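Notes for the structure review
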Amino acid sequence: NAGVTQTPKFRVLKTGQSMTLLCAQDMNHEYMYWYRQDPGMGLRLIHYSVGEGTTAKGEVPDGYNVSRLKKQNFLLGLESAAPSQTSVYFCASIRVNTGELFFGEGSRLTVL
Amino acid sequence: AQSVTQLDSQVPVFEEAPVELRCNYSSSVSVYLFWYVQYPNQGLQLLLKYLSGSTLVKGINGFEAEFNKSQTSFHLRKPSVHISDTAEYFCAVSDSGSTLGRLYFGRGTQLTVWP
């Protein structure tokens, strides 16, 4: 049981480049989330999805777009990367009956 | 929106000593409370949670936490720590009326256990 899988795990971008982070979960969870983690800041919610075809903004959505075309996948896109987007990105999904979030191992993104 | 304060950014302790990691949140409305642990270069995993019922919650690895509604606190405790407990610990809060899974995280407490 793989749980939540994120790809890629590491990426270096130049300012202005674009990229997509892929999150896949095999637990049939409806709700999925993208967080970013910065030193001394904890985790902050970027976007989330409550089901296939739906997305919503979290606390820090600017500069990011998301899509949930399939229930098991949640994509996070950066159209024009900025150094301020250097961070570790975590995807998560939730087991509704217990409220437990399951996290991927993270994707470390550096924007030069 | 909730605000979560973890009062200590770093907590160094010796092995087999007791430890308390402190967490306070801003709102007194009905909340769900969580502690997550993050080992180096890994994602977060659930340590314990409070959804309702008994205010003393027991989790994995011998950790427990107590929900105190009047003080809006959810402090994490362990009576005797091991070197393997060295990790970063995050307190998280969700309003019971908000979108499920929309958690507000504290900034984290790095627990370092010395031999």
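So, here's what we can say about the structure. Since this is a predicted model, take the numbers as computed values, not measurements.

What counts and what doesn't
Residues numbered from 1 in each chain as written. Chains lettered and ligands numbered in written order. Predicted model: local features only at pLDDT ≥ 70, side-chain atom pairs only at ≥ 80, totals over all residues. Heavy atoms only, no water. Contact = heavy atoms within 4.5 Å. Buried area = accessible area lost by both parts, 1.4 Å probe. Salt bridge = Lys/Arg side-chain N within 4 Å of Asp/Glu carboxyl O. Polar contact = N/O pair within 3.5 Å; in protein donor to acceptor, adjacent residues only side chain to side chain. Helix = DSSP H or I, 4+ residues; strand = E, 2+ residues; numbered from the N terminus. Nonpolar A, V, L, I, M, F, W, Y, C, P; charged D, E, K, R; others polar. Core = buried A, V, L, I, M, F, W, Y, C linked by side-chain atoms within 4.5 Å. Buried < 20%, exposed > 50% of the residue type's maximum accessible area, 1.4 Å probe, protein only. Pairing = 2+ DSSP bridges. Axes fitted to C-alpha atoms, helices over the stretch in contact; angles between N-to-C directions. Disulfide = S-S within 2.5 Å. 1 Å grid on protein atoms, 1.4 Å probe; cavity = no way out; pocket = protein on both sides within 12 Å on 5 of 7 lines; lining within 4 Å. Points joined across faces, edges and corners; volume = space filled by probe spheres on them.

Regarding the interface of chain A and chain B
Listed as interface residues are 25 residues of chain A and, on the opposing side, 20 residues of chain B. Counting each side, the surface lost to burial between chain A and chain B is near 1800 Å², with a carbon and sulfur contribution of 59%. Counting the surface chain A buries against chain B, the share from its top three residues, Leu43, Leu101 and Phe103 of chain A, is 22%. The tally of links between chain A and chain B comes to zero salt bridges. For the pair chain A and chain B, the interface holds four residue pairs in polar contact (both at pLDDT 80 or more). When residues of the side of chain A that touches chain B are traced back to their parent elements, those giving at least two are β4 (32-38), β5 (42-51), β9 (87-95) and β10 (100-103) of chain A. Here the element with the most residues in the side of chain A that touches chain B is β5 of chain A; it accounts for five residues. Residue classes in the side of chain A that touches chain B are distributed as 13 nonpolar, seven polar and five charged.

So, the nonpolar core
Core analysis: the biggest nonpolar cluster contains 29 residues, and Leu33, Trp35, Leu47, Leu48, Phe74, Leu76 and Tyr89 of chain B have the highest contact counts within it. Here Tyr89 of chain B is in contact with Gln6, Leu21, Trp35, Tyr36, Val37, Leu47, Phe63, Leu76, Gly108, Thr109 and Leu111 of chain B, once residues within four sequence places are set aside.

Brief notes about the sheet that holds strand β7 (residues 65-67) of chain A
Residue and element names in this part refer to chain A. Taken together, four strands build an open sheet; the order of strands is β1-β3-β8-β7 and the sheet is antiparallel. Looking at strand neighbours, the two that pair on one side only are β1 (4-7) and β7, the edges of this open sheet. Averaged over all adjacent pairs, the angle separating strand axes in this sheet is 20°, with direction ignored. Bridge count for β7 against strand β8 (residues 73-78) is three bridges, and the pairing is antiparallel.

Looking at unusual backbone geometry
The residue after Thr7 of chain A, namely Pro8 of chain A, is reached through a cis peptide bond having omega -10°. Note on placement: Pro8 of chain A falls in the loop between β1 and β2 (10-13). For Asn28 of chain A, which is not a glycine, the phi torsion comes out positive at approximately 60°. Among the secondary structure elements, Asn28 of chain A is positioned in the loop between β3 (19-25) and β4. Its identity as a non-glycine residue notwithstanding, Glu16 of chain B has a phi of 75°, on the positive side. Among the structural elements, Glu16 of chain B can be located in the loop between β2 (10-14) and β3 (19-21).

Concerning the state of the cysteines
Tallying each qualifying case throughout the model produces two disulfides over all chains. A disulfide bridge connects Cys23 of chain A with Cys91 of chain A, and the sulfur atoms are separated by 1.9 Å. Sign of the S-S torsion, about -75° for the bond between Cys23 of chain A and Cys91 of chain A, identifies this disulfide as left-handed. Here the residue Cys23 of chain A occupies a position in strand β3, and Cys91 of chain A occupies one in strand β9, the gap between them amounting to 68 residues. Bridging Cys23 of chain B to Cys91 of chain B, the disulfide has an S-S length of 1.9 Å. Residues Cys23 of chain B and Cys91 of chain B are joined by a disulfide whose S-S torsion is about -65°; by sign, that bridge is left-handed. Of the two residues, Cys23 of chain B sits in strand β4 (residues 23-25) while Cys91 of chain B sits in strand β10 (residues 87-95), which places them 68 residues apart along the sequence.

What about the layout of surface pockets?
Of the volumes computed, that of the largest pocket is approximately 560 Å³. Forming the boundary of the largest pocket are 28 residues, of which Gln37, Val88 and Arg108 of chain A together with Gln38 and Asn41 of chain B lie nearest the centre. Listed by contribution, the elements that provide at least two residues to the lining of the largest pocket are β4, β9 and β11 (107-111) of chain A together with β10 of chain B. Of the residues forming the lining of the largest pocket, the biggest block, four residues, is contributed by β11 of chain A.

From the geometry alone we can't say anything about function, so treat these as descriptive.
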